[in-house]
Amino acid sequence: MVALVSGMLQSLPLSEPTPPFDVESPAYVVIRFTQYAAVTLLIGGVAFRAAVLPRYSRGEQHGESLTADLATALATWLTRGLITLTVVHVARLAAQHRVYFEDGAWSMATMRPLLWQSGWGLAWLIAAGSIVAAFVALRRISRAQRAGWWLLGGALVVLCWTMAMSGHPAVASSSRFAMTLDALHIVAAGGWVGSLSVMMLLAVPALLRGAETDGHWRVARLVAAFSPTALIFAFLLSATGVVAGWRNVGSWSDLVQGEYGRLLLVKVALVGVIAGIGAVNWRRVLPRLGTPRATRMLRQSAVLELAAAVLVLTVTALLVATAMPE
């Protein structure tokens, strides 16, 4: 009987040891995914305001009214993104502390070396300063100060650089060129996918709400204004991705056979899907815009693009946790 009870106790799942928490843990992957998503949407908001809206407003009598209608929605968008980024930033610190010190409690003895004696800590501190600067920028934007947009854009660029400082480029080569490539890659993703998100989730609904008869024609003008921005950032994303990917992988065998290389191929394929949908929109949907049916087609294709973008961010979060080929 004792032997039977002993065997039953040993078979209980609670008797199995809990796997250690590390940078490859699902929770840490979720933290990185949320960080990438927040940064992408924030950069998209700035890119849309700086590059798309001015082009739309030129020659459009309702351009200023769209800018005014979007002001409140865009401010809310940016505020929520920054709040999310702040929460994730604190979560990253907690997660990294657990990686280094396992279940150790927070104390000056553990936080000092983590923040002040490591490259990761330096990147975290600079990023924290960038987030504070971004909140100051939002305050200025709420007061209609144009300098706030410049400050916000600069803070986000610095934030992208800190993400490169704590990623593969810094660990693998400590090269400023590699970190610059990585930072530009993140900026390009935000400029392309992030501004697409702003256009489809904020601007297009605002245009359709604000016009009784010509709203679909205004959507056509907005998409035409967005296309050059999308092409520029898509080219920058592709160029930096190809160069950085080859530097990180180094050989065809590692690209095809290694875990990092296979994940990279998945990411490339998903980016190709986004680019393919965008090309179809440009060739077939864009010339037909101006009608309710074409607007509906645009929205449907945008859903597919954004869904693929979510998968790209997921794979990117996994790539950061995957060891590069030696």
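Residues numbered from 1 in each chain as written. Predicted model: local features only at pLDDT ≥ 70, side-chain atom pairs only at ≥ 80, totals over all residues. Heavy atoms only, no water.

1. Topic: the overall build of the chain
For the chain, the helix and strand inventory stands at twelve helices and zero strands. Ordered by position in the sequence, the α and β elements of the chain form the string α-α-α-α-α-α-α-α-α-α-α-α. A buried classification covers 46% of the 326 residues belonging to the chain. Nonlocal contacts in the chain, meaning residues at least 24 apart in sequence, comprise 72% of its contacts between residues at least 6 apart. Accessible area for the chain stands at about 17300 Å²; split by element, carbon and sulfur atoms hold 66% of it. (Helix = DSSP H or I, 4+ residues; strand = E, 2+ residues; numbered from the N terminus. Buried < 20%, exposed > 50% of the residue type's maximum accessible area, 1.4 Å probe, protein only. Contact = heavy atoms within 4.5 Å. Areas by Shrake-Rupley, 256 points an atom, 1.4 Å probe, with all protein chains shown as cover.)

2. Remarks on the environment of Ala 225
By the element assignment, Ala 225 lies in helix α9 (residues 215-249). Classification of Ala 225 by relative accessible area gives buried; the value is 4%. C-alpha separation for the pair Ala 225 and Arg 55, spaced 170 residues apart in sequence, amounts to 5.5 Å. The residues contacting Ala 225, other than those within four sequence positions of it, are Val 52, Arg 55 and Tyr 56.

3. Considering the confidence of the model for the chain
Per-residue confidence for the chain gives a mean pLDDT of 82; residues scoring 70 or more make up 85%. The element-level mean pLDDT for the chain is lowest in helix α1 (residues 2-11), coming to 38, with helix α6 (residues 147-165) highest at 93. In this model, residues 1-19 is a region of pLDDT below 50 whose contacts with residues beyond four sequence positions or in other chains number two contacts. (pLDDT = per-residue confidence, 0-100.)

4. What to know about the side chain of Ser 130
Tracing the sequence through the fold places Ser 130 in helix α5 (residues 119-142). Apart from residues lying up to four places away in sequence, Ser 130 is in contact with Ala 155, Val 158 and Leu 159.

5. Quick notes on the environment of Gly 276
As for its position among the elements, Gly 276 is in helix α11 (residues 259-285). Using a relative accessible area of 32% as the deciding quantity, one classes Gly 276 as partly exposed.

6. Here we look at a positive patch on the surface
Together, Arg 283, Arg 284, Arg 288, Arg 293 and Arg 296 line one region of the surface with positive charge. Among the secondary structure elements, those contributing two or more residues to the positive patch are α11 and α12 (292-320). (Patch = residues over 30% accessible without salt bridge, like charges linked within 9 Å, V, L, I, M, F, W, Y side chains within 5 Å. Salt bridge = Lys/Arg side-chain N within 4 Å of Asp/Glu carboxyl O. Lys, Arg positive; Asp, Glu negative; His and termini not counted. Charge placed at Lys NZ, Arg CZ, Asp CG, Glu CD.)

7. Here's the deal with the nonpolar core
Formed by 78 residues in total, the largest nonpolar core has its most connected members in Phe 48, Leu 152, Trp 192, Met 199 and Leu 222. At the level of elements, α2 (26-57), α3 (63-101), α5, α6, α8 (176-209), α9, α11 and α12 are the ones that each hand at least two residues to this core. With 16 residues, the top contributor of residues to this core is α8. Dropping the residues within four chain positions of it, Leu 152 is found in contact with Val 46, Leu 78, Ala 134, Ala 137, Leu 138 and Ile 141. (Core = buried A, V, L, I, M, F, W, Y, C linked by side-chain atoms within 4.5 Å.)

8. Side note on the packing of α2 against α12
α12 packs onto α2 with a crossing angle of 130° between their chain directions and a minimal axis gap of 9 Å. As the angle between them shows, α2 and α12 are arranged oblique. At the point where α2 passes α12, the crossing takes the right-handed sense. Touching Val 29, Arg 32, Phe 33, Tyr 36, Ala 37 and Thr 40 of α2 are Val 310, Leu 313, Thr 314, Thr 316, Ala 317, Leu 318 and Val 320, all from α12. (Axes fitted to C-alpha atoms, helices over the stretch in contact; angles between N-to-C directions. Parallel < 35°, antiparallel > 145°, perpendicular 65-115°, else oblique. Left-handed = near helix turned anticlockwise from the far one by under 90°.)

9. Digging into the packing of α11 against α12
Their axes nearest at 9 Å, the elements α11 and α12 cross at an angle of 165°. What the angle tells us is that α11 and α12 run roughly antiparallel. Crossing of α11 against α12: the hand is left-handed. Its residues assigned to classes, the contact of α11 with α12 shows 21 nonpolar, four polar and two charged. (Nonpolar A, V, L, I, M, F, W, Y, C, P; charged D, E, K, R; others polar.)

10. Notes on a nonpolar patch on the surface
Together, Ile 83, Val 87 and Phe 135 give the surface a local cluster of nonpolar side chains, amounting to about 260 Å² of exposed area. Tracing the chain through its elements places Ile 83 in helix α3. Its relative accessible area of 46% is what places Ile 83 among the partly exposed residues.

11. Let's talk about the side chain of Thr 40
Looking at the secondary structure, you find Thr 40 in helix α2. Setting aside its immediate chain neighbours within four residues, Thr 40 contacts Ala 189, Gly 190, Val 193, Gly 194 and Leu 313.

12. Some remarks on the packing of aromatic side chains
Applying the stated rule across the entire model yields zero aromatic pairs. The ring of Tyr 28 has Arg 32 lying over it, and the distance from NZ or CZ to the ring centre is 4.9 Å. (Phe/Tyr/Trp six-rings, centres within 6.5 Å; stacked < 30°, edge-to-face > 60°. Lys NZ or Arg CZ within 6 Å of the ring centre and 35° of its normal.)

13. Some points on the environment of Gln 96
Counting through the fold element by element, Gln 96 comes out in helix α3. Separated by 25 residues in sequence, Gln 96 and Gly 121 place their C-alpha atoms 9.5 Å apart. Not counting chain neighbours up to four residues away, the residues in contact with Gln 96 comprise Tyr 28, Leu 114 and Trp 120.

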